[in-house]
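# Inside the fold
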Protein chains: 2
Amino acid sequence: MSIIAERRIREKEAMRTNILTTAWQIVTEEGWQSLSIRKIADAIQYSVPVIYDYFENKEAILLEFGKQGFEGVIAELKAAKASSADPAEQLKAIADAYWAFAFNNKEYYQLMWGMGAPSCEMDKCMPERSVFRDLVMAPMIEIIEKANHGDAENNACLKYHTFWSILHGLISIKMVAPADDTEQLNKLVLDDAITGFIKNLKS
Amino acid sequence: MSIIAERRIREKEAMRTNILTTAWQIVTEEGWQSLSIRKIADAIQYSVPVIYDYFENKEAILLEFGKQGFEGVIAELKAAKASSADPAEQLKAIADAYWAFAFNNKEYYQLMWGMGAPSCEMDKCMPERSVFRDLVMAPMIEIIEKANHGDAENNACLKYHTFWSILHGLISIKMVAPADDTEQLNKLVLDDAITGFIKNLKS
DNA sequence: TCCTTTAACCTAACAGTGTTAGCAAAAGTA
DNA sequence: TACTTTTGCTAACACTGTTAGGTTAAAGGA
């Protein structure tokens, strides 16, 4: 490949990331509802159709952010899990990390779960379900096996759904209807729910 | 008031409900994203500005549906609670009823919680928080008091948040990312989560 | 009955949105 | 230099929500 072609690819890449970072800035400053192709075009000082040379449509831009979000949260969860060898501790750490990600990256979380963000087919950028399952299922099975109740694998499947539901439920209620209670109380609710859940696994 | 004025009020009311029922039909057939003022106007065979004689703007129409949704779910919850005198049974019945409402009225639920529906300030049509609290808090306090752990009132406040989070979490995960598992398994997850939660209140 | 006021209803427009057809200029290739 | 590809633009289309302004019909008062 010629040296010129290389430069052009580099420039193309640069424009793409320029579009993305500009779009992201608009989102963080004005929210998802306020993001439009024209606003991006204005901000990067190009005409509107140029955007379409780099992204098929608006959804493609959103899906790119969705991908970033999922990759980000998965990295955090993996790090959290690695922080301990005890399965119960691992579950708690994962829950804490997930919670922290959601509130430190509200824009991502809202997009990923279609909360107030413009509707788009997030499935298209979701990682395999197995990624999340592998992270959470293993410590669960371990806990259930230690407590010796029957079919740990089957049991864990049920508990796995419950685990994510509690987490997502806690977060999305706080996000949609932010109550007037303190940060401290919120953390307490998380702790109560998750430790209660883990205790239930054991007993 | 003259007989003519009465008729006019009646007609005005009729037009309002005509707009609403027509809009609702569009929503159930094509989803929230597809609802537009022009579509409503076409369907009722009037020009667009007529809609604005009956509703201040589009959000006002959405809020009307929001109000209907909240009133509907509250009625269901009250009926569920009345089905038993045992506090634990009451909580289970409320959870079941809430779950049933969500899946029998997906359009309402999505609007009420901003899931994929057009964004609007739902606070404006939400009932007082106390309505939900009064329904759920009382049986909780009763359960905790029977089990005799310390400050039941304070404790119930924490558990109250957890209760709704679990419920909403279960529902919204199933709604956003409908898994391939059966109706039966879903019910099992609900049962597991709620009975686990109640057991935790007691022990 | 005639006149005036008010309510109902419409056309046409404004300012946005996502998206695309088609053209001009620049850049790369032979 | 001549040809081809890429790049970027203007202008438009088909939609949104919303409103200004005018017309027609109905209601109330003399």
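Residues numbered from 1 in each chain as written. Chains lettered and ligands numbered in written order. Predicted model: local features only at pLDDT ≥ 70, side-chain atom pairs only at ≥ 80, totals over all residues. Heavy atoms only, no water.

Counting its regular elements, chain A contains nine helices and zero strands. Its C-alpha atoms give chain A a radius of gyration of 21 Å, more than 25% over the compact-globule value 17 Å for 203 residues. Buried residues in chain A amount to 46% of all 203 residues. Separation between the mean location of the 22 positive side-chain charges and that of the 29 negative ones in chain A comes to 2 Å. (Helix = DSSP H or I, 4+ residues; strand = E, 2+ residues; numbered from the N terminus. Rg over C-alpha atoms; globule rule 2.2 N^0.38 Å. Buried < 20%, exposed > 50% of the residue type's maximum accessible area, 1.4 Å probe, protein only. Lys, Arg positive; Asp, Glu negative; His and termini not counted. Charge placed at Lys NZ, Arg CZ, Asp CG, Glu CD.)

The next thing to look at is the UniProt feature "domain: HTH tetR-type" (unreviewed entry) in chain A. The UniProt feature table records "domain: HTH tetR-type" (unreviewed entry) at residues 13–73 of chain A. Helix makes up 80% of residues 13–73 of chain A and strand 0%, and the two end C-alpha atoms of the span are 24 Å apart. (UniProt positions renumbered as here; feature names shortened; annotations may be inferred.)

What follows covers the interface of chain A and chain B. Facing 33 residues of chain A, the contacting portion of chain B comprises 33 residues. The largest share of the area that chain A buries against chain B comes from Leu158, His161 and Ile173 of chain A, three residues that together contribute 18% of it. Applying the counting rule to chain A against chain B returns two salt bridges. Between Asp192 of chain B and Lys159 of chain A there is a salt bridge whose closest N-O contact spans 3.1 Å. Every element with two or more residues in the side of chain A that touches chain B is listed here: helix 8 (152–176) and helix 9 (183–202) of chain A. Ranked by the residues each element gives to the side of chain A that touches chain B, the list is headed by helix 8 of chain A, at 14 residues. Grouping the constituent residues of the side of chain A that touches chain B by class yields 14 nonpolar, 13 polar and six charged. (Contact = heavy atoms within 4.5 Å. Buried area = accessible area lost by both parts, 1.4 Å probe. Salt bridge = Lys/Arg side-chain N within 4 Å of Asp/Glu carboxyl O. Nonpolar A, V, L, I, M, F, W, Y, C, P; charged D, E, K, R; others polar.)

With an RMSD of 0.1 Å, the operation that places chain A on chain B is a rotation of 180 degrees combined with a shift of 0.1 Å along the axis. Interpreted geometrically, this transformation is the action of a two-fold axis. Closest to the rotation axis within chain A is the C-alpha of Gly169 of chain A, separated from it by 1.7 Å. The overlap is high: 100% of the interface residues of chain A also sit at the interface in chain B, so the same surface is used on both sides. (Least-squares fit on C-alpha atoms with pLDDT ≥ 70 in both.)

For the rest of this paragraph, the subject is the packing of helix 5 (residues 87–104) of chain B against helix 8 (residues 152–176) of chain B. Residue and element names in this part refer to chain B. Put simply, helix 5 and helix 8 touch, their axes get as near as 11 Å, and they point 30 degrees apart. Our classification of the angle between helix 5 and helix 8 gives roughly parallel. When you trace helix 5 past helix 8, the crossing you get is right-handed. Residues Leu91, Ile94, Ala95, Tyr98, Trp99, Ala102 and Phe103 of helix 5 pack against Phe163, Trp164, Leu167, Leu170, Ile171, Lys174 and Met175 of helix 8. The residue makeup of the contact of helix 5 with helix 8, split by class, is 13 nonpolar, no polar and one charged. (Axes fitted to C-alpha atoms, helices over the stretch in contact; angles between N-to-C directions. Parallel < 35°, antiparallel > 145°, perpendicular 65-115°, else oblique. Left-handed = near helix turned anticlockwise from the far one by under 90°.)

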